[in-house]
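Examination of the molecular architecture
Residue-level listing of the chains:
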Amino acid sequence: MNRIAFIILGFLMFGGPSAAQATCPEPENKEFATVATALFNCSSARPLKGAEQERKFQIHYDFPQTAPDTSGLPWLSIDPLTEPAAYMQAILLYATKNNGKPEVDWRIEDNKVESWCHAPWFQALREPLHGMTSERWSRPLELHKLQKDWARNWAVGIYNDVACYGLGEIWNDPTFPKTKDFSFPDGALGIKMLFTTAMPSQVPYLTGSKEWTVAAADDGGTMPMRLLQMDISVKDKRSPNGWFFGTFMYDATQPGDTVYERLVPVGLIWGSDPDLSATTYLDKALIAKEGWVNPAVAARFYALPRQNLGMFGRANGPVDNPKSACITCHQRALDWGRAVLPKSPNEEQANALLPDVPYDPFDDAAAKAYFRNIGHDSPVPNTQSLDYTLQVSKGMTAFRNWVFTEFPDHAASTTDITPYPFKSSTAENAPAKPAALATDEFNAGTTIMNNNLFAK
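Computed from a prediction, not measured in an experiment: that's the story for all the values here. Throughout this document, residue positions are counted from 1 along each chain, in the order its sequence is written. pLDDT decides what is reported in this predicted model: residues at 70 or higher carry local features, side-chain atom pairs at 80 or more are listed and counted, and totals for whole chains, interfaces and linings draw on all residues regardless. Here the side-chain values reflect all heavy atoms present in the structure, with hydrogen atoms and water set aside.

1. Concerning the overall build of the chain
Going by this rule: Helical segments are the DSSP runs of H or I of at least four residues, strand segments are the runs of E of at least two, and each set is numbered from the N terminus. We call a residue buried when its accessible area falls under 20% of the maximum for its residue type, exposed when it is over 50%, and partly exposed in between, using a 1.4 Å probe and counting protein chains only. Note on contacts: a residue pair qualifies if any of its non-hydrogen atoms lie within 4.5 Å across the two residues. Computed by Shrake-Rupley with a 1.4 Å probe, the accessible areas treat only the displayed protein chains as cover when residues are assessed.
When helices and strands are counted, the chain shows twelve helices and eleven strands. Relative to its 456 residues, the chain shows a buried fraction of 59%. Of the contacts formed within the chain by residues at least 6 apart in sequence, a portion of 70% connects residues at least 24 apart. Surface summary for the chain: the accessible area is close to 18600 Å², and the carbon and sulfur share equals 53%.

2. Some details on the pattern of salt bridges
Under the convention used in this document: Any Lys or Arg side-chain nitrogen located within 4 Å of an Asp or Glu carboxyl oxygen qualifies as a salt bridge.
Under the criterion given, the structure shown has 13 salt bridges. Here Asp219 makes a salt bridge to Lys49, at a shortest N to O gap of 3.3 Å. Of the two residues, Asp219 is situated in the loop between β5 (211-214) and β6 (223-235) and Lys49 in the loop between α3 (32-40) and α4 (84-99); the sequence distance between them amounts to 170 residues. Between Lys192 and Glu135 there is a salt bridge, with its nearest N and O atoms 3.4 Å apart. Of this pair, Lys192 sits in strand β4 (residues 189-196) while Glu135 sits in the loop between β2 (133-134) and β3 (153-160), and the two are 57 residues apart along the sequence. Since its relative accessible area comes to 1%, Lys192 is described here as buried. Residue classification places Glu135 among the buried residues on the basis of a relative accessible area of 2%. Several salt bridges converge on common partners, so that one network encompasses Arg55, Glu109 and Asp110.

3. Quick look at the packing of helix α5 (residues 161-171) against helix α11 (residues 390-406)
What counts, and what does not: Whenever a helix is involved, its axis is fitted only over the stretch in contact; in every case the axis is a line through C-alpha atoms, and angles between N-to-C directions fall within 0 to 180 degrees. Throughout this description, any angle smaller than 35 degrees is read as roughly parallel, any larger than 145 degrees as roughly antiparallel, any in the 65 to 115 degree range as roughly perpendicular, and the remainder as oblique. Crossings are assigned a handedness: left-handed for a near helix turned anticlockwise from the far helix by less than a right angle, right-handed for a clockwise turn.
Running from N to C, α5 and α11 cross one another at 20 degrees; their axes reach a closest spacing of 13 Å. Relative to α11, α5 is oriented roughly parallel. Read as a crossing pair, α5 and α11 show a hand that is right-handed. Contacts between α5 and α11 involve Leu167, Ile170 and Trp171 from the former and Val392, Met396 and Phe399 from the latter.

4. A short note on the state of the cysteines
The criterion, for reference: Disulfide assignment relies on a single distance test, namely cysteine sulfur atoms paired within 2.5 Å.
All chains considered together, the criterion is met by two disulfides. Residue pairing for Cys24: its cysteine sulfur links by disulfide to Cys42, the two sulfurs lying 2.1 Å apart. Across the S-S bond linking Cys24 and Cys42, the dihedral sits near -90 degrees, which makes this disulfide left-handed. Of this pair, Cys24 sits in the loop between α2 (9-14) and α3 while Cys42 sits in the loop between α3 and α4; the two residues are 18 residues apart in sequence, bridging distant segments of the chain. Across the pair, Cys42 and Cys24 agree in class, each one buried. By sequence order of its bonded cysteines, the chain has the disulfide arrangement 1-2, 3-4. Cysteine Cys326 shares no disulfide, and the gap to the nearest cysteine sulfur, in Cys329, comes to 8.9 Å. Since its relative accessible area comes to 7%, Cys329 is described here as buried.

5. A few points about the nonpolar core
Formally: Grouping buried Ala, Val, Leu, Ile, Met, Phe, Trp, Tyr and Cys residues that are joined through side-chain atoms within 4.5 Å yields what is termed a nonpolar core.
Ranked by internal contacts, the top residues of the largest apolar core, which has 51 residues, are Trp121, Leu167, Trp171, Phe184 and Trp402. Broken down by secondary-structure element, the contributors of at least two residues to this core are α3, α5, β7 (243-250), α6 (278-283), α8 (326-330), α10 (364-370) and α11. If you tally residues by element for this core, the top one is α11, at seven residues. In this structure, Ile78, Trp106, Phe248 and Tyr260 belong to the second largest nonpolar core, which totals 39 residues.

In structure tokens, the structure reads:
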């Protein structure tokens, strides 16, 4: 692979401008296995400007070869359906106990007590200082009544050793990911830290929050961001759909000696409440039952234009799309078994097959198609479920698109599932055109929303 191919890596993977100045080291030779492994081990392909002397993000793959013991996981002794706040608090303490120490500060390679890992194939999106990726932007008034400006949001995700064992089952061979019949073992946990450019002057509850310098500008320039939200996703057989998703938010008004002690639970969700629609919500006063929302937090947002955190009172985070809900978006994670290039006919078909957030929340039919409970199934028949983990899904798409574009002869031999039978033909072979750069805040927010790490 030549240098030009590396430069366009970001466009081929995600259809965005994030890797316009790629910095991944070039491989020793141009053989498929060498190049694929080099990219797999690349921490960040994004540029850096003005903070070259700062410590850089280091990708960390600690994939256990045997399934870890889960008997001591602290949340297993708490009933999430009857004690959701206590369940979430146990997970928060587990995640921050060592990762939150100043000497570690979420650089998981420095955590010598526990094993955590990152998910592969986000090198084109991860910024080089903390490994953060773009999230959905927050529109004015979504976070607070004083918020007059758009806020950019970035996030970093990590996984505990149980989840890392599952990731290792997929990526034991960086040149041949195996997704057939994939599922995470019970006890798998994902943690996502979301930071925002919103200032305390517009969002007062951010006062005193944790700050990071993030290389979020397209040219690698840096900007300060503050911790706003922490998301959790945990595989737990007590959930009817197999997973619990939860969200915390930072609140400066809360007591506590540390930032993490001032994180308050926003909500926990285990189902999509498919019967909750505009009609049943407005005419029959139906409420969300397959989740819990902290009433004190909900009250903070009710007077804002978004009214609810998630659609009609479903659990969701402040940064997340108020037309959606945590678990509903995550159940879209799947592997098509083949490339789905940006702006291609295959992508158009994929978007039509995979129900998305309803554009009009009062369209009951569209809402019913989106807010489903699918259990352990894939959201699209004849595809492989990736067990509610969008980071695995997006990373797999990045890998398959890269293989198809750079080494098309290897596309068929690098999947162990049957490729989805799109109606297309030769159209898939047409190279994808790079996505246009966003020219205003609304379009930029849309692009980032489409490219984010644990989209919601």
